[in-house]
Structures are given as structure tokens and as C-alpha cells.
Amino acid sequence: MNRITVIAAHVLAGSITIAVTAQQPAAPPPTPSLDGLTVEKVKDNLFVIRGAGGNTAVFVTASGVTLVDTKNPGWGQVLLDKVKTITDKPVTRVINTHTHYDHTSGNIAIPATVEIIAHEYTAKRLTEFTTVTGRGVTENVFRANPGKGLAKRTFTDKLTIGSGADQINLYYFGPAHTGGDAFVEFAALRVMHAGDVFARKAVPLMDKDNGGSGVQFAATVRKAVDGVKNVDTIINGHLPAQTTPAEMREYADFVADFVAQVQAAKKAGKTAAQAIEGYALPAKFKGYTAPDKTSAPYAQVIMDETK
Ligand SMILES: [Zn+2]
């Protein structure tokens, strides 16, 4: 990985900010190893593997393993090796929640016989993405490895895979983090992977470069939490623990409030940077991180979308 990618990976993971990396030498890139990943059991046949990018869901079905998201460049084989510590069953299906490299790059280590599924926009963007709004240039392993790890099966609004205990429902509810955010429901388990639409309790990346939206973001979150009923547990893109639908509703309110504050700032003639400086975190949003200047590009996205 080059230095920009490493910095971007850390920023996307929320572990450090651009301001910090600008003042300190970049940490050496972590060498992919089994120890770099942790496993948490969510249900008897559902696990979350954390580390090295977005949270990966591991769903063990009668016929094989479905993975949701495949982590940073260089981590695909280690992810497959980590899955072997959970089950002897082979990985038979991969789902990508969205196009970002910290959720998709491990795809290139997936055997060609394994089905890779994504929203049609995400599938298209895999070979196209080069930047993330507010985060700059990102590494694209699909360009460096032509034809490898691409999503050949796609959906537009909803796709149901399997039935009974093994049923998976994929949903798309409109632009938010990107223009192809998939919500992955493990129906029998009452669990949903929300990807980076609900990555953490902070202002989300509104990645206009990859089809995302600021103004529509909160509505998309609400459509997901209201539209996928019978869910008790949410797996988030980057949080260290699962959340609940109630927390997802609160998060939609947080995003809507952020958007409203930015729009009020625009109306008052302020810039995106000034909107962030003037932002006040409402006390009711406990456990939320107030935005810093790294969120200014998303204030700009909102201002650009606001007539
Ligand atoms: Zn993302």
C-alpha cells in the first residue's frame, strides 16, 4: 500500500484524522496476519470479523459460507484463512455493501467460482472508483487485477437469496454513503448489516464521488430501519459492537439535524468550514462524536445539493 492509501484506510476506519497524520509520520502499514483480525460470535451461525477495514459478516449456511464485505487491499487471503478458524465449510458467496476499497479489496483473493453480489451501481463502480469525497485518491485493486473479484450478480431494489434459515434479503433504499449502498438482512436471525450507511456514531462520509448524497442521507437511513422489519440487531460498517434499530433511528435524527444545521449556515451566508465551526452537538445525541474539519467536505456536499 502506498502512503495515501494507508492514511485513507485509517481515516475511513475512523482511527485517526487527517489533521493527526499531517503532523506525524505515517505508521507503517499493518502486515496482513490472522492476529490483525478478531472474531465475534453474533449468533450460532453468524460472526463478525473486525479489523483491516470494514466489519465482515460471516454467515454459515447449510451449503456454505456467505461473506459480507472483504476488507482492505492485501487482506483477502487472511480473511479467508480467518474464516477457516470458524468453520470448515467453504466460502460460496460474497456480498459487497458498497464500492469502497476497505469493504471490497479482498474480493480479488476470492476464488473465481464464488458468486460475488452487489448493487448494480456498486458493481459498476468497482472498476471505476479512484477517489472518495473528502478523502482524496484511493487504491483500486480491481484496476491492478483486471477481471478479478468483480460482482457479476447485481440487484436494483431488492434481492432474496435462499430460504428458511439461510434466507438473505438485499435492499437498496436510495443514495446515502454512496449511490449503491446495500442493506443485508439475515432474516431468520433478525440481524441486518447496514454497511457504512451506519458506520459509526458520527457525521458519515457522504461520498458524492461515488454517488452518495447528504440531503437524502437521513431519509435513506429511515427507509432502511422502517422498511426492514423484524430486525433486532444491526451490524455496522466500522463500530466495535452491534447496535439496535432504535439506535439507527437516533442516528437518522443525528444526520438530519447535522444537515439542517449546515443548511441554516448556508442560508446565513456561511461557508462549509464555517458551518462545521458553528456546529453544536445536541445533548440528546449521547455517545456521538462532533464533527471536526474533516467533515467540511460533507457540509459542502449538503450545501451543493441545497438550492
Ligand atoms: Zn465506505
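For the structure, see preceding data.
Peer 1: Help me understand the coordination of the zinc ion, please; the structure alone is not making it clear to me.
Peer 2: Put simply, a metal with four donors set out as a tetrahedron has ideal angles of 109.5 degrees, and one with six donors set out as an octahedron has ideal angles of 90 or 180 degrees. For the zinc ion, the full set of protein donor atoms is His-98 (NE2), His-100 (ND1), His-177 (NE2) and Asp-196 (OD), at a range of 2.2 to 2.3 Å. Coordination geometry of the zinc ion: the four donor atoms subtend angles of 85 to 169° at the metal centre, consistent with an arrangement described as irregular. Positions of the donor residues of the zinc ion, expressed as sequence spacing, correspond to H-x1-H-x76-H-x18-D. Of this pair, His-98 sits in the loop between strand E5 (91–95) and helix H4 (101–104) while Asp-196 is found in the loop between strand E13 (191–193) and helix H7 (217–227), placing the two residues 98 residues apart along the sequence. Across this residue pair, the class does not change: His-98 and Asp-196 are buried.

Peer 1: Looking at this model, I keep getting lost on the packing of aromatic side chains. Mind explaining?
Peer 2: The geometry of an aromatic ring pair comes down to the distance between the two centres and the angle between the two planes. Under the counting rule described, the total for this entry stands at nine aromatic pairs. Site record: aromatic cluster; members linked through ring pairs are Tyr-171, Phe-173 and Phe-183.

Peer 1: Got a minute to help me understand the pairing of strand E4 (residues 65–68) in this structure?
Peer 2: Remember that side chains alternate between the two faces of the sheet whenever the strand is regular. Neither face of E4 is left uncovered, since the one carrying Val-65 and Leu-67 and the one carrying Thr-66 and Val-68 both have all their residues buried. The sheet contact formed by strand E3 (residues 56–60) and E4 spans four bridges and is antiparallel. Note that in E4 the partner of Ala-57 across the bridge is Val-68. What sits between E3 and E4 in their antiparallel hairpin is a turn of four residues, with Gly-64 showing a positive phi close to 155°. Sheet analysis places E4 next to E5, joined by four bridges and oriented parallel. Looking at E5, one finds that Leu-67 is bridged to Val-94. Since E4 and E5 lie parallel, the crossover through helix H3 (residues 76–84) that links them has a hand, and here it is right-handed.

Definitions and cut-offs
- Residues numbered from 1 in each chain as written.
- Predicted model: local features only at pLDDT ≥ 70, side-chain atom pairs only at ≥ 80, totals over all residues.
- Heavy atoms only, no water.
- Donors = N, O, S within 2.8 Å, 3.2 Å for Na, K, Ca; no water.
- Tetrahedral: all angles 85-135°; square planar, octahedral: opposite > 155°, others 65-115°.
- Helix = DSSP H or I, 4+ residues; strand = E, 2+ residues; numbered from the N terminus.
- Buried < 20%, exposed > 50% of the residue type's maximum accessible area, 1.4 Å probe, protein only.
- Phe/Tyr/Trp six-rings, centres within 6.5 Å; stacked < 30°, edge-to-face > 60°.
- Pairing = 2+ DSSP bridges.
- Right-handed = clockwise from strand over helix to strand, strands pointing away.

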